[in-house]
Amino acid sequence: MPTSFTVVPVEAQGEERQRDGQQREEEDEGDERDRGTGDGIARESSPFINCAELGRRSMYEGKNMALFEEEMDSNPMVSSLLNKLANYTNLTQGVVEHEADEDSKRKEVKGPQMGTFIGVYLPCLQNILGVILFLRLTWIVGTAGVLESFIIVFMCCACTMLTAISMSAIATNGVVPAGGSYYMISRSLGPEFGGAVGLCFYLGTTFAGAMYILGTIEILLTYISPSAAIFKVADAGEETEAMLNNMRVYGTCIVILMAIVVFVGVKYVNKLALVFLACVILSIIAIYAGVIKTAFDPPDFPICLLGNRTLSKRSFDVCAKFTESNNETKTTPLWLLFCDSSLLNATCDEYFSLNNVTEIQGIPGITSGVLTDNLWSAYSEKGSIVEKKDQPSIAGSEESKMGGLPYVFTDIMTYFTMLVGIYFPSVTGIMAGSNRSGDLKDAQKSIPTGTILAISTTSFIYLSCIVLFGACIEGVILRDKFGEAVNGNLVVGTLAWPSPWVIVIGSFFSTCGAGLQSLTGAPRLLQAIARDGIVPFIQIFGHGKANGEPTWALLLTVGICEIGILIASLDSVAPILSMFFLMCYMFVNLACAVQTLLRTPNWRPRFKYYHWTLSFVGMSLCLALMFICSWYYALIAMLIAGCIYKYIEYRGAEKEWGDGIRGLSLNAARYALLRVEDGPPHTKNWRPQLLVLLNLDNEQLVKHPRLLSFTSQLKAGKGLTIVGSVLQGIYLDKCTETHKAEENVKALMGVEKTKGFCQIVVSPNFRDGISYLIQSAGLGGMKHNTVLMAWPQSWKQAENRFSWKNFVDTVRETTSAQQALLVAKNIDLFPTNQERFTEGNIDVWWIVHDGGMLMLLPFLLRQHKVWRKCKMRIFTVAQMDDNSIQMKKDLQMFLYHLRLNAQVEVVEMFENDISAFTYEKTLMMEQRSQMLKQMQLSKNEREREAQLIHDKNTASRSAPAVEASVAAAVPEKVQMTWTKEKFVAEKHKNKDSNVSGFKDIFNMKPEWENLNQSNVRRMHTAVKLNGVVLNKSQHAQLVLLNMPGPPKNRKGDENCILYCIDSIFLEIENYIFCDSAITCWDNHY
């Protein structure tokens, strides 16, 4: 958006600068006091907070800015804000740690000194290079072959590189505090995604700690001190079980020891990080030095083969069946392992007898050409013997492969996807730099540069090691996971120079350090999520020691880490944490893609080398790798994340972080609205879209809360609901009341579980405000088609003389707008959402065709728990010329096509004379109408005249006459089918009553002669309907009836409709009038 600036020279700035300096000190002190008292609500760290106080303290005495004096009451001078603007950090809302420490750190801000190399590059190297490189990479190369291993490493490195590009764009669009990827995702995709993926990332980090601890124990018990094992191998074939038990015991001890170290001295862990990193770097240098040495002086690591089978040299020293000494042939310890005695004629294993024992170099060197033999994969089943390809061998019986023979066996079944899951944890740790953004001198530059360089370096190391391992080491040694063929040495250590112990010791300290780092970082991540308050059940883990250390989170982390320790297999734990890390990286890519595609104004990363297609490819690659590693682990991880997402959504995460999902929802809503605008909905898609008109009292509280209860029962969260109300006055004067009314209505909507929108309109008069709502509520195709309102109970009162007029005009406007109108009478007696009807009926009196609206309402109501057990009954009225039996059959067939279950009844209303009660009611109606037309009278005069008319009518009516007329209007028995005989019988039966009726007519009062006969007929119909409805539906839980419309002539007696409606439902509690001329459904609905 273009902005124009006007620069005006200001003189005499010397004195003002002195006053500026003094005032800044006062402002800083005032700001400290202001920040010390807060309501605890998360807010954005913005220089514009408390700007009103700041503006009042600025220099208004001068006349240079007199033009902006009015604005200065709310907006401060730019000159007083420049210092804060220069030091402004756009930390997003919800960074509780920053907000809590903001007060104490404001006065003494230490400038960050860490650059790209120390702050980002080295931490990423330390987290990426680790246990998999030293313990499993050689085995992966030997099993998958150089080509497939290259593909595995390339896919994983490409995944992390694309994620790093997306992460760099997000990280340079703002400041990423402690929590790293959690804050990136939550502030980009919202609290639901942030909480779900944040907890998954926490679980991944915790299981990573377990994996590093298991790697530490494997190095200790296998390569450093095998004699330290607690569980010894008693019988052949129990090596694996004994090793797992040792891992569990030692792992539990080490995880407790590490937890104590983290609890007591976490600062020492951070200081030792560089030592651990130095061990990793020295080990890698030793590997490259050993590779170079093999070119001219390969190390001497002979391996023993029986035929093409690799032998474990733990049980013998000489690779031969027998030796020659002093012209005497002696058998070797190897002979005793395959034969039953040391004699040359002993019975030996068949394969041992048929094949020769040979010895080859395990590390022939980079110039030996062994690379061509290691190009292809050699996957095997669990328990298979490691065999050398192209080695001559004579096959024996299958039994010869079994038993306690000194072969090198595979401990697990191997295949491509399993190796991907084991390898992927070796490329994690790319978030280490972004987690330290607060300590960087220039985070916007260091995070992208350091992270991408670290990934490039480690990718080169991994890819080059694959080629070098395949070119220097024999294939059977590569597939020997625990180095049994080379006297129990670490396989990668046999290649290192100057000694294998460089790799052993370096990898031991490396895995120890990585485990400590995981147990240090995971609790802080959980504490950050807990302090955000989006997952209620983990809020206890946000507390800690007085210095902020996450004690409770550390205990939970140790407990979860112990689960990984009890699994006891590094190969089984690695795919679990791969799932959680891949899910985290997937959502980092999704966050970047969403923000880029939405093009929100706030999306301005300093890192420019990104594109949404790269993020999309990275997201797709992460998802593919999840299912490649383990489809069932992937489903479990997604299920866990989905449950956490729905839980946060259900509990209502009241956080507004300007996330991309909200922007995506707005774009989707805009697209959907444009699609809906194309045409009216089909009848099969029709449902009531409600505009609920509420009345508010003087305190801006809702007068009839049950109207919202009925709305939630009718809608059940489906479709559109707009809750509207009108405040009388001018908006400039009623602004505060409007906000208060909106808050009250929204609060009541939350209590009544009414899902919808609130719209408060301020209008000079109530009538126009209702009209505005009916005309303009909604947006595009999402507009209401039904208006729900309460019956105006006070329409007869003199002080509310306009309520009946407003109601009649509302009826007319909804009809003109082709909208349905629902009017609930006695709404305060309707059931709440907590009530349950165990029995009862919903009665529909279908008198005129309304497009099916009356049929639809009971169906929708019975979807709710309140009305679910109520039965539906439909009544229709037959006239003298109608065939009621055929009408009933037709109505039943109509309901059958509509797929509705309802009891059908046709009520026949016979003709009789108009009673005196009807005339009295009509007279009262017309007299009051005449009174209200005399608008020139004062209020007191109108009230006095209304009272005189009421007293006159009361004195002229006698109670016995009224009761007799009502009894005459209600028949004793309703005939279902009219025949000539029944009509004659009914006529003679009512002969006496007719005679008395004629007498009443002949003795009519003079006032009756001048009545409007149309009004008399209307009232007569209302009285008769009241009798029939009272007879059939007096005990119904709800009665629905077509509402008669007002006179088309607006100059006529408009209030007669209210009198008639009051007369219809006399002595009946819950009922609804429906006025609809729209088609709700057809036979295919």
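- Going by the annotation in an unreviewed UniProt entry, the name recorded for the protein chain is Solute carrier family 12 member 7, with Zonotrichia albicollis given as the source organism.
- Under the heading Subcellular location (unreviewed entry), UniProt records this for the protein chain: "Cell membrane".
- UniProt, in the comment section headed Catalytic activity (unreviewed entry), describes the protein chain in these words: "K(+)(in) + chloride(in) = K(+)(out) + chloride(out)".

With respect to the pattern of salt bridges
Line of reasoning, step 1. Overall, the coordinates contain 15 salt bridges when judged by the stated rule.
Line of reasoning, step 2. With a closest N to O distance of 3.0 Å, Arg136 and Glu218 form a salt bridge. Placement of Arg136 in the loop between helix H6 (131-135) and helix H7 (137-171) and of Glu218 in helix H9 (residues 191-224) is noted, with a sequence separation of 82 residues between them. Here Arg136 matches Glu218 in class, with each residue buried.
Line of reasoning, step 3. With its nearest N and O atoms 2.4 Å apart, the salt bridge here joins Arg767 to Glu813. Of the two residues, Arg767 is situated in helix H26 (residues 766-776) and Glu813 in helix H27 (residues 803-816); the sequence distance between them amounts to 46 residues.
Line of reasoning, step 4. You can call Arg767 buried: its relative accessible area is 16%.

A look at the environment of Val761
Line of reasoning, step 1. Here Val761 lies in strand S8 (residues 757-763).
Line of reasoning, step 2. Excluding its chain neighbours within four sequence positions, the residues that come into contact with Val761 are Ser725, Val726, Leu727, Gly769, Tyr772 and Leu773.

Considering helix H22 (residues 631-651)
Line of reasoning, step 1. In this model, H22 (21 residues) spans 30 Å end to end at C-alpha, consistent with the 30 Å of a helix rising 1.5 Å per residue.
Line of reasoning, step 2. For H22, every residue scored as buried is listed here: Ala634, Ala637, Ala641, Ile644 and Ile648. For H22, the angular spread of the buried residues around the axis is 100°, confining them to a single face. Residues of H22 that are exposed and angled more than 90 degrees away from the buried face: Trp631, Leu639 and Tyr650.

What about the environment of Lys703?
Line of reasoning, step 1. With respect to the helices, strands and loops of the structure, Lys703 is situated in the loop between strand S6 (690-694) and helix H24 (706-715).
Line of reasoning, step 2. Each C-alpha atom of the pair Lys703 and Asp828 lies 9.3 Å from the other, and the pair is 125 residues apart in sequence.
Line of reasoning, step 3. Residues within four places of Lys703 in sequence aside, it is in contact with Asn695, Leu696, Asp697 and Asp828.

Digging into the packing of helix H11 (residues 266-294) against helix H15 (residues 443-472)
A pair of packed helices can be characterised by two numbers: the angle between their axes and the separation between those axes.
Line of reasoning, step 1. At a closest axis distance of 11 Å, the pairing of H11 and H15 adopts a crossing angle of 35°. In the crossing of H11 with H15, the sense of the turn from one axis to the other is left-handed. For the pair formed by H11 and H15, the contact residues are Ile284, Ile287, Tyr288, Val291 and Thr294 on the first element and Phe460, Ile461, Ser464, Cys465, Leu468, Phe469 and Cys472 on the second.
Line of reasoning, step 2. For the contact of H11 with H15, the residue count by class is ten nonpolar, two polar and no charged.

Looking at the state of the cysteines
Line of reasoning, step 1. Evaluated as defined, the whole model comprises two disulfides.
Line of reasoning, step 2. Note that Cys339 is cross-linked by a disulfide to Cys348, the S-S spacing being 1.7 Å. Around the S-S axis, the bridge from Cys339 to Cys348 shows a dihedral of about 105° and counts as right-handed.
Line of reasoning, step 3. By sequence order of its bonded cysteines, the protein chain has the disulfide arrangement 1-2, 3-4.
Line of reasoning, step 4. Between Cys279, a free cysteine, and Cys512, which holds the nearest cysteine sulfur, the sulfur-to-sulfur gap is 9.7 Å.
Line of reasoning, step 5. With relative accessibility at 17%, the residue Cys279 sits in the buried group.

Overview of the packing of helix H10 (residues 239-264) against helix H18 (residues 500-532)
Line of reasoning, step 1. Viewed as axis vectors pointing N to C, H10 and H18 meet at an angle of 60°, and their least axial separation amounts to 10 Å. Classed by the angle they form, the pair H10 and H18 counts as oblique. Of the two elements, H10 crosses H18, and the hand of that crossing is right-handed. For the pair H10 and H18, the contacting residues are Val255, Met258, Ala259, Val261 and Val262 in the first and Cys512, Gly515, Leu516, Leu519 and Thr520 in the second.

Thresholds applied
Residues numbered from 1 in each chain as written. Predicted model: local features only at pLDDT ≥ 70, side-chain atom pairs only at ≥ 80, totals over all residues. Heavy atoms only, no water. UniProt positions renumbered as here; feature names shortened; annotations may be inferred. Salt bridge = Lys/Arg side-chain N within 4 Å of Asp/Glu carboxyl O. Helix = DSSP H or I, 4+ residues; strand = E, 2+ residues; numbered from the N terminus. Buried < 20%, exposed > 50% of the residue type's maximum accessible area, 1.4 Å probe, protein only. Contact = heavy atoms within 4.5 Å. Expected span 1.5 Å × (residues − 1). Arc of directions from axis to C-beta. Axes fitted to C-alpha atoms, helices over the stretch in contact; angles between N-to-C directions. Left-handed = near helix turned anticlockwise from the far one by under 90°. Nonpolar A, V, L, I, M, F, W, Y, C, P; charged D, E, K, R; others polar. Disulfide = S-S within 2.5 Å. Parallel < 35°, antiparallel > 145°, perpendicular 65-115°, else oblique.

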